[in-house]
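Structural overview for review
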Amino acid sequence: MMKLIKTAGPLSGSIQIPGDKSISHRAVMFGSIAQGTTRIRHFLSGADCLSTIDCFRRLQIPIELHTDPAGETQVLVHGKGLRGLSAPADPLLETGNSGTTTRILSGILAPQPFTCILSGDESINRRPMKRVIEPLSRMGADIESVNGNGCAPLRIRGTALHGISYTSPVASAQVKSAILCAGLYAEGETCVTEPARSRDHTEKMLSLFGAELSCGFEQGNSSGAYTALIRPAEELYAQDISVPGDISSAAYFIAAALLVPGSEVLVRGVGINPTRAGFLTAVEQMGADLTYYASGQNPDEPGVLLGRSLQEAQEALRCVPGEPACDLLVRSSQLSGIVIEGALIPTLIDEIPILAVLAACAEGETVIRDAAELKVKESDRIAYVTENLRAMGAEAVPTEDGMILAGKSRGEGAALHGALIRTGLDHRIAMSFAVAALVAEGECTLDDEACVRISYPAFFQDLSSLLSSL
Ligand code: S3P
């Protein structure tokens, strides 16, 4: 339980955003199946990524974790090559709360010459796994849900695989990545098509490690179906990876600075890969005052100006290899409601809880649709977000594939009041409502705050550093 009250003043100062969760996971996974030592800088040492490290250590990959006094974590993965994983002493591999670990690891384990069982916490063992069981089985994998309910625990008996051409019903990077990883070991080419492009960190990073991939949109339409094709690999090679700040973590501070009047915050080192940055597109449409700078060396001063919009910043960084990142100056802004739908959804799927908080405080209605995936995240995020917003006095209606948020009318005061927040032990619900509490009249109580350790162990310290630098 944690009590939170409305902030007495604006947010100010600067904040360095911790490493991206998706990229940290992948760097450990691909480093483990590559030849040589992969160095990972600015690694996210959240519980989810530590679950990935634990699994690969059990698969007999030596992995070193070094954290300096400033809290920066560097990881060294001593990879043993594409065929270097060994059977764990105990076949049970624990994936904790991590969907990314469970699903992508399934694709890596399916072609190994040994058997494993993947199991996680209560939330993981409720989440749908048929979405990986089905395509991997079509590739020849021997993978089954131990309880026959389409969920983990999953028993994976390693066997030879063959390439397939698979059309996924969901735009999911975890599913796409599981299939592409299995495709590294399969006979022949493997092709995955998804209804809209999900985050492409796997495609980018596997290419960097030496895999042969080609990707593109159907008929060149970037809001339509997207296909990634991978050829079987002989070997992958170790790389130096610098993990950019996680835009999903940055979103909480950007939202807080937008909401609290008089705030001005420099959010540093934020990854703005176009397949991840939909949150910035959405808040710009809502009227956010954002300025983009090249990542500077001085913590309190931004670098060279990149632009006043995400598009300008991405254009300016177009020729930078790897994952683009920048510093963002955020000033509090009057926001208006918008419609969030279609191909934008996969690019901001994890940011919908905090977008809903912003929408509840914005002028006019916001409609979120095409986001049924929210129901099968760490919690049912449609239910938890709308219930908590309602408890705080907002008009929030859940729908089959999203929600409708009435927002407030022109000139109306605080949109939210204090309430008991049920987090469902979901880190993103906890952090979103900690931000909502900053602008709510009265006291909020989070029923759990420890769950932020999943993706952002220092979240509350970092948030208070922006409140106390007044
Ligand atoms: C992730 C993909 C997304 C996202 C999750 C991380 C990844 O899930 O919600 O937090 O690292 O690939 P889906 O692939 O299930 O949409």
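Residues numbered from 1 in each chain as written. Predicted model: local features only at pLDDT ≥ 70, side-chain atom pairs only at ≥ 80, totals over all residues. Heavy atoms only, no water.

Some remarks on the packing of aromatic side chains
- This structure, assessed with the given rule, holds seven aromatic pairs.
- A ring pair is formed by Phe253 and Phe459, whose centres lie 5.7 Å apart and whose planes are at 35°; its orientation type is tilted. Taken together, the positions of Phe253 in helix H7 (residues 247-259) and Phe459 in helix H13 (residues 459-468) put the pair 206 residues apart, joining distant regions of the chain.
- Classification of Phe253 as buried rests on a relative accessible area of 0%.
- Judged by its relative accessible area of 0%, Phe459 is buried.
- The structure contains a cluster of three or more aromatic residues connected by ring pairs, namely Tyr252, Phe253, Tyr456, Phe459 and Phe460. (Phe/Tyr/Trp six-rings, centres within 6.5 Å; stacked < 30°, edge-to-face > 60°. Helix = DSSP H or I, 4+ residues; strand = E, 2+ residues; numbered from the N terminus. Buried < 20%, exposed > 50% of the residue type's maximum accessible area, 1.4 Å probe, protein only.)

Brief notes about the nonpolar core
- One finds Ile254, Val267, Leu280, Leu389, Leu416 and Phe459 to be the most contacted residues of the largest nonpolar core, which totals 88 residues.
- Counting residues per element, this core draws most heavily on H7, which supplies 11 residues.
- Those residues in contact with Phe459, other than ones at most four positions away along the chain, are Tyr252, Phe253, Met431, Ala434 and Val452.
- Grouped together as the second largest cluster of nonpolar side chains are 66 residues, Ala27, Met129, Tyr226 and Ile241 included. (Core = buried A, V, L, I, M, F, W, Y, C linked by side-chain atoms within 4.5 Å. Contact = heavy atoms within 4.5 Å.)

Details of the pairing of strand S21 (residues 396-399)
- Two strands pair when backbone bridges link them, and S21 and strand S22 (residues 402-405) are joined in this way by four bridges, in the antiparallel orientation. By the bridge assignment, Pro398 is partnered in S22 with Met403.
- Linking S21 to S22, which pair antiparallel, is a turn of two residues. (Pairing = 2+ DSSP bridges.)

Structural notes on the sheet that holds strand S20 (residues 366-368)
- Read across the open sheet, the four strands follow the order S19-S20-S22-S21; overall the sheet is mixed. Taken across any chain shown, the strands that pair with only one partner, and hence form the sheet edges, are strand S19 (339-340) and S21.
- The strands that helix H10 (residues 352-361) touches are S19, S20 and S22; relative to S22, the one it contacts most, it runs at about 15°.
- Strands S21 and S22 of the sheet are contacted by helix H11 (residues 381-391), whose axis makes an angle of about 165° with S21. (Axes fitted to C-alpha atoms, helices over the stretch in contact; angles between N-to-C directions.)

A short note on helix H3 (residues 99-109)
- With 11 of 11 residues buried, H3 lies mostly within the body of the structure.
- Every buried residue of H3 is accounted for by Gly99, Thr100, Thr101, Thr102, Arg103, Ile104, Leu105, Ser106, Gly107, Ile108 and Leu109.

Observations regarding the domain arrangement of the protein
- Along its sequence, the protein is carved into domain 1 (2-18 + 244-465) and domain 2 (21-242).
- Here the C-alpha centre of domain 2 lies 28 Å away from the C-alpha centre of domain 1.
- Each partner contributes to the interface: domain 1 provides 26 residues, whereas domain 2 provides 26 residues.
- Contact between domain 1 and domain 2 buries roughly 2200 Å² in total, counting both sides, with carbon and sulfur atoms accounting for 51%. (Domains from an automatic or database assignment. Buried area = accessible area lost by both parts, 1.4 Å probe.)

As for the site of the ligand
- Residues in contact with the ligand, as listed here, are Ser22, Arg26, Thr100, Arg103, Ser172, Ala173, Gln174, Arg199, Ile349, Asp350 and Lys377.
- In the model, an oxygen atom of the ligand is placed 2.7 Å from a nitrogen or oxygen of the Ser172 side chain.
- A distance of 2.9 Å separates an oxygen atom of the ligand from a polar backbone atom of Ala173.
- Taken by itself the ligand offers 380 Å² of open surface, and the protein chains cover 95% of this.
- Elements represented by at least two residues in the shell around the ligand include exactly helix H1 (21-32), H3 and helix H5 (173-185).
- Split by residue class, the shell around the ligand holds two nonpolar, four polar and five charged. (Near = heavy atom within 4 Å. Polar contact = N/O pair within 3.5 Å; in protein donor to acceptor, adjacent residues only side chain to side chain. Areas by Shrake-Rupley, 256 points an atom, 1.4 Å probe, with all protein chains shown as cover. Nonpolar A, V, L, I, M, F, W, Y, C, P; charged D, E, K, R; others polar.)

A few points about the pattern of salt bridges
- If you walk through the whole model with that rule in mind, you get 30 salt bridges.
- Note that Arg331 is salt-bridged to Glu264, the shortest N-O span being 3.2 Å. In this pair, Arg331 sits in strand S18 (residues 325-331) while Glu264 sits in strand S15 (residues 264-271), placing the two residues 67 residues apart along the sequence.
- Residue class for Glu264 comes out partly exposed when judged on its relative accessible area of 40%.
- In this structure, Arg422 and Glu387 form a salt bridge, with 2.8 Å as the shortest nitrogen-oxygen distance. Residue Arg422 is found in the loop between strand S23 (420-421) and helix H12 (427-438), and its partner Glu387 is found in helix H11; the two are separated by 35 residues along the sequence.
- Exposure remark for Glu387: the relative accessible area of 40% places this residue in the partly exposed category.
- Residues joined in a network through salt bridges with shared partners are Arg127, Arg199, Asp350, Glu378, Arg381 and Asp426. (Salt bridge = Lys/Arg side-chain N within 4 Å of Asp/Glu carboxyl O.)

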